[in-house]
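Breakdown of the fold
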Amino acid sequence: MPIKIITTQDGSHSLFDDQLNEAYHSIRGAKGESIHVFVKNGLGYWLGQNSVSKTYVLEVGLGTGLNPFLTAKAAHNHKQKIHFTSIEPYPIKKDLYARLNFAENDGEMELLSKIHESPWEKEVAITPYFVLHKTSIKLEDFNTFETFNIIYFDAFAPSKQPEVWSPENLRKCYNLLSLGGTLTTYCAQGQFKRNLAKVGFRVETLRGAMGKKEMVRAIK
């Protein structure tokens, strides 16, 4: 089987793609990494800097659905409306997502199922505070008139999918963000940071998740 469920060191599941020889999350902790990189240093940072009625998030790489799952929980907890667009050209199958252990109770399991089973190419109100729009397309082909406040850049590593991390895609991300908007990612590769700066971002290198040395937040 090319994609299989694995258990990371914090006890949460991830997936491992045999063809790419790569896990979908840090093997040190899938849930811990997503909370630290995206929810805390992406969403949390943005909300700490801005008082808005609705926040617009773009995710590059839906994958297991962990990031929208945690973001929907945060939206409920903070009573903050979030519109979440997720790009995923290779959606995972139900036999995988139905067995992931992210949910801690039946209500959370229903939330994760709604995220995966909601229609593609359509805005769907998952909760009163969280609207999801999934699109089965590559970042290179993604076009919209919308602007976003936050980008969760959660693609496979540059060594596995270099085309996703290209300067052209980073320039696209810059143009998709509102002024002051942030791009956050687990990756802190030197060339990646230089490319971010070259297209106009102010690049911040932060402490990484789950024992990793570094991560990146880039600000327009």
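Residues numbered from 1 in each chain as written. Predicted model: local features only at pLDDT ≥ 70, side-chain atom pairs only at ≥ 80, totals over all residues. Heavy atoms only, no water.

1. Structural notes on the overall build of the protein chain
For the protein chain, the helix and strand inventory stands at six helices and eleven strands. Its C-alpha radius of gyration of 16 Å places the protein chain within 12% of the 17 Å reference for a compact globule of 220 residues. Judged by the C-alpha coordinates and their principal axes, the protein chain covers about 45 × 40 × 30 Å. In the protein chain, which comprises 220 residues, the proportion classed as buried is 55%. (Helix = DSSP H or I, 4+ residues; strand = E, 2+ residues; numbered from the N terminus. Rg over C-alpha atoms; globule rule 2.2 N^0.38 Å. Buried < 20%, exposed > 50% of the residue type's maximum accessible area, 1.4 Å probe, protein only.)

2. Quick word on the sheet that holds strand 6 (residues 123-127)
Strand order in this open sheet of eight strands is 6-7-5-4-8-9-11-10, and the pairing throughout is mixed. Only two strands of the sheet have a single neighbouring strand rather than two, namely strand 6 and strand 10 (202-207). Looking at each pair of strands side by side, their axes are set apart by 20° on average, direction ignored. Bridge count for strand 10 against strand 11 (residues 214-219) is six bridges, and the pairing is antiparallel. For Val-203, the partnering residue across the bridge sits in strand 11 and is Ala-218. Helix 2 (residues 66-78) rests against strand 4 (54-60), strand 5 (81-87), strand 7 (130-135) and strand 8 (148-153) of the sheet, and its axis sits at about 175° to strand 5. In the packing of helix 5 (residues 167-176) onto the sheet, the strands contacted are strand 4, strand 8 and strand 9 (177-185), and the crossing angle to strand 9 comes to about 135°. (Pairing = 2+ DSSP bridges. Axes fitted to C-alpha atoms, helices over the stretch in contact; angles between N-to-C directions. Contact = heavy atoms within 4.5 Å.)

3. A closer look at the pattern of salt bridges
Inspection of every chain in the model, using the stated rule, returns eight salt bridges. Of the charged contacts, one joins Lys-73 and Glu-108 as a salt bridge, the two residues approaching to 3.0 Å between their closest N and O atoms. Linking Lys-73 in helix 2 with Glu-108 in helix 4 (residues 106-117), this pair joins segments that are 35 residues apart in sequence. With relative accessibility at 22%, the residue Lys-73 sits in the partly exposed group. Look at the salt bridges and you will find they share partners, linking Arg-202, Glu-204 and Arg-217 into a network. (Salt bridge = Lys/Arg side-chain N within 4 Å of Asp/Glu carboxyl O.)

4. Remarks on unusual backbone geometry
One can expect most non-glycine residues to show negative phi and most peptide bonds to be in trans. You will see that Asn-21, though not glycine, has its phi angle at about 55°, which is positive. Among the structural elements, Asn-21 can be located in the loop between strand 2 (13-17) and strand 3 (22-23). Positive phi, close to 50°, is recorded for Met-210, a residue that is not glycine. Within the secondary structure, Met-210 sits in the loop between strand 10 and strand 11.

5. Remarks on the packing of helix 5 against helix 6 (residues 190-199)
It is the contact of helix 5 with helix 6, at a shortest axis distance of 9 Å, that shows an interaxial angle of 50°. Considered as vectors, helix 5 and helix 6 are oriented oblique to each other. By crossing handedness, the relation of helix 5 to helix 6 is classed as right-handed. Contacts from Pro-167, Leu-170, Arg-171 and Tyr-174 in helix 5 reach Phe-192, Asn-195, Leu-196 and Val-199 in helix 6. For the contact of helix 5 with helix 6, the residue count by class is six nonpolar, one polar and one charged. (Parallel < 35°, antiparallel > 145°, perpendicular 65-115°, else oblique. Left-handed = near helix turned anticlockwise from the far one by under 90°. Nonpolar A, V, L, I, M, F, W, Y, C, P; charged D, E, K, R; others polar.)

6. Side note on the environment of Val-164
Tracing the backbone through its elements, the reader meets Val-164 in the loop between strand 8 and helix 5. Residues Val-164 and Lys-138 lie 26 residues apart in sequence; the distance between their C-alpha atoms is 8.3 Å. Discounting residues that sit within four places of it in the chain, Val-164 has contacts with Val-60, Leu-139, Phe-153, Ala-155 and Asn-169.

7. Some words on the pairing of strand 9
Burial runs high along strand 9: seven of the nine residues are buried. Relative to strand 9, strand 8 runs parallel, the two sharing four bridges. Among the inter-strand pairings, Phe-148 is bridged to a residue of strand 9, identified as Leu-177. As for the winding sense of the linkage, the β-α-β connection from strand 8 through helix 5 to strand 9 is right-handed. (Right-handed = clockwise from strand over helix to strand, strands pointing away.)

8. Some remarks on the side chain of Arg-217
Structurally, the position occupied by Arg-217 is in strand 11. Residue class for Arg-217 comes out buried when judged on its relative accessible area of 8%. At a separation of 3.1 Å, a polar atom in the side chain of Arg-217 contacts the main-chain carbonyl oxygen of Asn-41. Contact partners of Arg-217, with chain neighbours within four places excluded, come to Asn-41, Tyr-45, Thr-182, Leu-183, Thr-184, Arg-202, Val-203, Glu-204 and Leu-206. (Polar contact = N/O pair within 3.5 Å; in protein donor to acceptor, adjacent residues only side chain to side chain.)

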